[in-house]
Amino acid sequence: MLAGQVYSAVDEEVLKELNAVKDAIHTYNMLRPSDTESRRELLKKLLGRVADDDFIINQPFYCDYGKQISLGRRFFANFGFTVLDEAPVTIGDDCFVGPHVSIYTACHSTDPVERNSRREWALPVKIGNNVWIGGSVTILPGVTIGDNVTIGAGSVVVRDIPSDSVAVGNPCRVVRKIGG
């Protein structure tokens, strides 16, 4: 799975790990919002890398494995953040994520017979530093978003977005460059 090779989504070990993470996420989502210390500590155990203690992920939050998610410094995600982290998801410093943003790494065949075999593969997602992702954005497998990027609300990011850009739409495309 981590190597980007085809794997069985119904493998017994895969399902066991997914359910253990779902239990941890359920616990996280049931914590009182004011219990910031417990929320932070649970996520630090669940996520693969957290650069510092200055991060917030508002509830509800959902992920598949957690351990494949890497957060840079001063990360913020609003309500309804969903990360299907079958492959690594790397997020840089000073990133802000609006409500109901989804990041997907899992891929499925478009052939119905092959898809029904429950075999899939995954591609990593990388998000640079100083990125703002507007509400209800969907980021698809294999996408890299550069530094200093704004992704407009409701966008579907299907291909890489270069640094120093504002990008919007479905499919998401650069509408202007920013900076010097």
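By convention here, each chain's residues receive numbers from 1 onward along its written sequence. Totals for whole chains, interfaces and linings use all residues, but because this is a predicted model, local features are given only for residues with pLDDT of at least 70 and pairs of side-chain atoms are given and counted only at 80 or more. Note: side-chain values were computed over all heavy atoms of the structure, leaving out hydrogens and water.

1. Quick word on the sheet that holds strand β16 (residues 144–145)
With parallel pairing, the 5 strands of this open sheet are ordered in space as β2-β5-β8-β13-β16. Two strands close off the open sheet at either side, each with one partner strand: β2 (49–50) and β16. Two strands pair under a simple rule: DSSP has to find at least two bridges between them. A run of H or I in DSSP counts as a helix once it spans at least four residues, and a run of E counts as a strand once it spans at least two, with each numbered from the N terminus. As paired elements, strand β13 (residues 125–127) and β16 share 2 bridges and run parallel to each other. By the bridge assignment, Ile-127 is partnered in β16 with Ile-145.

2. Description of helix α2 (residues 36–46)
Among the residues of α2, those classed as buried are Arg-39, Arg-40, Leu-42, Leu-43 and Leu-46. End-on, the buried residues of α2 take up no more than an arc of 165°, which puts them together on one face. In what follows, a contact means two residues having at least one pair of non-hydrogen atoms within 4.5 Å. Summarising the contacts, the buried residues of α2 are in contact with α1 (12–30), β3 (56–57) and β4 (61–63). Each residue is assigned to one of three classes by its accessible area relative to the maximum for its type, calculated with a 1.4 Å probe on protein chains only: buried under 20%, partly exposed between the two thresholds, exposed over 50%. Summarising the geometry, the arc corresponds to the directions from the helix axis toward the C-beta atoms.

3. Things to note about the packing of α1 against α2
A fitted line through C-alpha atoms serves as each axis, taken over the contacting stretch for helices, and the angle formed by two N-to-C directions is quoted from 0 to 180°. Interhelical geometry of α1 versus α2 gives an angle of 165° and a closest axis separation of 10 Å. The angle between the axes of α1 and α2 places the two elements in the roughly antiparallel class. Considering the relative orientation of α1 and α2, their crossing is left-handed. When α1 is examined against α2, the residues Val-21, Ala-24, Ile-25, Thr-27 and Tyr-28 are found in contact with a partner set consisting of Arg-39, Leu-42, Leu-43 and Leu-46. Following the grouping adopted for this structure description, the nonpolar residues are Ala, Val, Leu, Ile, Met, Phe, Trp, Tyr, Cys and Pro, the charged ones are Asp, Glu, Lys and Arg, and the polar ones are all others, Gly among them. Residues belonging to the contact of α1 with α2 are distributed by class as follows: 7 nonpolar, 1 polar and 1 charged. These descriptions rest on fixed angle ranges, namely under 35 degrees for roughly parallel, over 145 for roughly antiparallel, 65 to 115 for roughly perpendicular, and the rest for oblique. Each crossing gets its hand from how the near helix is turned against the far one by less than a right angle, where anticlockwise is left-handed and clockwise is right-handed.

4. Quick word on the state of the cysteines
Disulfide assignment relies on a single distance test, namely cysteine sulfur atoms paired within 2.5 Å. Counted according to the given criterion, the structure contains 0 disulfides. The structure places no disulfide on Cys-63, whose sulfur is separated from the nearest cysteine sulfur, that of Cys-95, by 18 Å. Free of any disulfide, Cys-172 has its nearest cysteine sulfur in Cys-95, 15 Å distant.

5. Focus on the nonpolar core
To qualify as a nonpolar core, a set must consist of buried Ala, Val, Leu, Ile, Met, Phe, Trp, Tyr and Cys residues joined through side-chain atoms within 4.5 Å. Phe-61 and Phe-81 are the most contacted members of the largest nonpolar core, which totals 37 residues. Every element with two or more residues in this core is listed here: α1, α2, β4, β5 (69–71), β7 (81–84), β8 (89–91), β13 and β17 (149–151). With near-sequence residues (within four places) excluded, Phe-81 lies in contact with Ile-57, Pro-60, Phe-61, Tyr-62, Phe-75, Ile-91, Val-97, Val-101 and Ile-103.

6. Thoughts on the side chain of Glu-86
The topology assignment puts Glu-86 in the loop between β7 and β8. Lacking a salt bridge, the buried Glu-86 has Lys-22 as its closest oppositely charged neighbour, with an N-O distance of 9.1 Å. Setting aside chain neighbours within four positions, we find Glu-86 in contact with Met-1, Leu-2, Tyr-7, Asp-64, Tyr-65, Gln-68, Thr-105, Ala-106, Glu-120 and Ala-122. Charge counting treats Lys and Arg as positive and Asp and Glu as negative, with His and both chain ends excluded. Whenever Lys or Arg places a side-chain nitrogen within 4 Å of a carboxyl oxygen from Asp or Glu, that contact is recorded as a salt bridge.

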